[in-house]
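Listed below, chain by chain, are the residues.
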Amino acid sequence: MKKIALVLTFLMALFVFPFTENIQAKEKVNLRVYNWGEYVSNGEDGTLDVISEFEKKYPYIDVEYTTYATNEELYAKLKSGAANYDVIVPSDYMVSRMIEEDMLEKINFDNIPNFENVMDNFKNLSYDPTNEYSVPYTWGTVGIIYNKKLVDEKPTSWEALWDEKYTNMILMFNNSKDAFGIALKKLGYSQNSTDKKQLDEAAEELKRQKPVLQAYVMDEIFDKMSTGEAALAPYYAGDALTMISENPDLGFVVPEEGTNRFVDAMVIPKGVRHKEEAEIFINFMLEEEIAKANIEYLGYSTPMQDVYDDLDEEIKNDGISYPDKKILEKCDTFINLPDETNQYVQELWVDILASGQSSVFELIFLIAVILGLGLFMIIYLRRRKKNM
Amino acid sequence: MLKKSISFPYLLWMIIFVIVPLGIMVYFAFTTSGGSFTFENIEKISQYTPIFIKSINLAIIATIICFFISFPLAYILSRASDNYQRTSMLLLMLPMWMSFLLRTYAWMTLLENEGLINKFLGLFNIGPVQMINTPGAVVLGMVYNYLPFMVLPLYSIMAKIDNSVIEAAQDLGCNIFKVVIKVLLPLSLPGIITGITMVFVPSVSTFIISRMLGGGQNMMIGDLIEQQFIGSTYNPNMGSAMSLILMVIMLVVMGITSSLDDDEREGIVI
């Protein structure tokens, strides 16, 4: 009996404990920030530790900083209601999806005076046309990373990723959104196309590309490009800079057909507990010194005019982080597409990945194995019965 | 009375973390994103049949290879001296202390065209041999990662087989081949069944091995399911339907293998 009582007290203590924690939290606000992995300057190698700077400036706010890897992961977490966050940083199309599904809180821009310094062409973007819900954090483009030693001339067009000269040396995105974005841009269509004919054409392009490809990859690109395993690959500009710093033989171009210009924006989810503190945090992230530290750490591009003005001429002109205006004009930002289109693209994508495999032979193999197993079982079970 | 009360926390655990999630999965598999009942998800899976066939085939091949490596290995180990057994077991388990991801990643750098193996072959002017991004590489990854799951149950059951049984068979005129077929195989059947299940099930549902070593072209069921949840197409209903089908396949396989076994055995896999 004593033992049971002990266990009960222990269990009760477990349940009570979180409440006592809450009482403490009333004095100190617990701000939950959910961001991409490696997406804030963290104090490594003499960089500025942005989160602890913030906590120093606002001692009554305690930041709980966690990270995610994909927009879909973030969406799934929010949608399931399993977690509540105060500030999140989804990409463009996910912002528009969340706005459509009424998942975001309108931001009170009075609390964000630094918004003034955001460049005009980063306000009222297609994913948030009235700019009530989001504040841009970083942006970048998708371009081609190439190995100068393995590629004869600097590629200028998406055509390079279809070039038979480099058969088995080309990598491609293992993600339908980016892959179709490239194929659509190559054909001169909008990357937000919902036209089935255009999508079919894009799928044809991607199928045509498959024989020259080495592999469909995502993060493995870092390894494969820096060791020279592959010669050409499409990837995000910020990550390209990281790769170039590791292997100086690499170069990056933004193709002339235009490309995907992505924006990651800070937003506040619906039903947030500390909206005001969330706005303070967003405003803090826009401060020149902080935004500069983040951009330098991340390698992505800044939407802040004051930070941009302060940059080295070299960075402004090398065409990686800040491509030519002419090319930028041809770039789109992803918006949320209807479910029907997403589903259709996904079906085409799986078809592309699974194409060119000898499924007849595989089917025969499978049937042979099943028949063999069945035969073995029958013989075995019969024998066992006999022996009994 | 005592026995029941002890199992209660485990029962509760099972209900909360096994039964309820299973129920949620089944619910998702048979509903649309709006929540109304539908068979559409299951029907749509038929278009992914080639991927299902491929996954099952690769998993079968990996399981067979694992078995043919493990069976003699387990026998030799079980007959070796204590010291030898301990050392080899340690060596067998050692790679498992490392992260699964890291081990697979290491194979990637080994198999690449610019990788260590091809560089070595290059010294003799051979190659480069295309090894990465092939189905063979995926099977290799599965065999490497799941081999211990086959060796361990086989080893523990073979250690229990008395030498005198084998000697008796030999005295009665069995050659080595017959000893294996008539004595070793039937006696180690429970271990074989556990081993097959423990290799086949994770192999057929893996996604990271096929992604890293298969180069994205060798898509497996696991990749497909992963795409539905955290990949570019967010469709948990479809993903649940796929998982459900995968579970049915596994249940069938486990049902077949365990029906082979004698009924009097104490512990069963399923």
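For the structure, see preceding data.
Residues numbered from 1 in each chain as written. Chains lettered and ligands numbered in written order. Predicted model: local features only at pLDDT ≥ 70, side-chain atom pairs only at ≥ 80, totals over all residues. Heavy atoms only, no water.

(A) Focus on the overall build of chain A. Scanning chain A for helices and strands turns up 15 helices and nine strands. C-alpha extents for chain A along the principal axes are approximately 80 × 75 × 40 Å. For chain A, with 388 residues in total, the buried portion stands at 51%. A fraction of 75% describes how many contacts in chain A between residues 6 or more apart in sequence connect residues 24 or more apart. Each charge class in chain A was averaged separately, 39 positive and 66 negative side chains, and the resulting centres sit 11 Å apart. (Helix = DSSP H or I, 4+ residues; strand = E, 2+ residues; numbered from the N terminus. Buried < 20%, exposed > 50% of the residue type's maximum accessible area, 1.4 Å probe, protein only. Contact = heavy atoms within 4.5 Å. Lys, Arg positive; Asp, Glu negative; His and termini not counted. Charge placed at Lys NZ, Arg CZ, Asp CG, Glu CD.)

(B) Structural detail: the overall build of chain B. Counting its secondary structure elements, chain B contains 13 helices and zero strands. Listing the helices and strands of chain B from first to last along the sequence gives α-α-α-α-α-α-α-α-α-α-α-α-α. Of all 270 residues assigned to chain B, the portion counted as buried reaches 44%. For chain B, the share of sequence-separated contacts (at least 6 apart) that also reach a separation of at least 24 residues comes to 70%. If you sum the accessible surface of chain B, you get close to 14,100 Å²; carbon and sulfur atoms cover 72% of it. In chain B, 13 positive and 15 negative side-chain charges are present, and the distance between their average locations comes to 3 Å. (Areas by Shrake-Rupley, 256 points an atom, 1.4 Å probe, with all protein chains shown as cover.)

(C) Broad picture of helix α9 (residues 275–286) of chain A. Residues and elements named next belong to chain A. With 12 residues, α9 should reach 16 Å at 1.5 Å per residue; the first-to-last C-alpha distance of 17 Å fits that figure. Most of α9 sits inside the fold, with 10 of its 12 residues counted as buried. Buried residues of α9: Glu-277, Ala-278, Glu-279, Ile-280, Phe-281, Ile-282, Asn-283, Phe-284, Met-285 and Leu-286, and no others. (Expected span 1.5 Å × (residues − 1).)

(D) Seen up close, the packing of aromatic side chains. Residues and elements named next belong to chain A. Applying the stated criterion across every chain, the model contains 34 aromatic pairs over all chains. With a centroid separation of 4.9 Å and 50° between ring planes, the pair formed by Tyr-235 and Tyr-236 is classed as tilted. Note on Tyr-235: relative accessible area 2%, which makes it buried. Relative accessible area serves as the criterion here: at 17%, Tyr-236 is assigned to the buried category. Each member of the aromatic cluster is reached from another via a ring pair, and the members are Tyr-34, Trp-36, Tyr-39, Tyr-68, Tyr-85, Tyr-137, Phe-173, Phe-222, Tyr-235, Tyr-236, Phe-262 and Tyr-300. In this arrangement the basic side chain of Lys-196 is found over the ring face of Tyr-344, its NZ or CZ atom lying 4.5 Å from the centre. (Phe/Tyr/Trp six-rings, centres within 6.5 Å; stacked < 30°, edge-to-face > 60°. Lys NZ or Arg CZ within 6 Å of the ring centre and 35° of its normal.)

(E) Summary view of the packing of helix α5 (residues 176–186) of chain A against helix α14 (residues 339–354) of chain A. Residues and elements named next belong to chain A. The N-to-C vectors of α5 and α14 enclose an angle of 90°; their axes lie 10 Å apart at closest approach. In terms of axis orientation, α5 runs roughly perpendicular to α14. Of the residues in α14, those in contact with Ser-176, Lys-177, Ala-179 and Phe-180 of α5 are Asn-342, Val-345, Gln-346, Leu-348, Trp-349 and Ile-352. A breakdown of the residues in the contact of α5 with α14 according to their chemical character gives six nonpolar, three polar and one charged. (Axes fitted to C-alpha atoms, helices over the stretch in contact; angles between N-to-C directions. Parallel < 35°, antiparallel > 145°, perpendicular 65-115°, else oblique. Nonpolar A, V, L, I, M, F, W, Y, C, P; charged D, E, K, R; others polar.)

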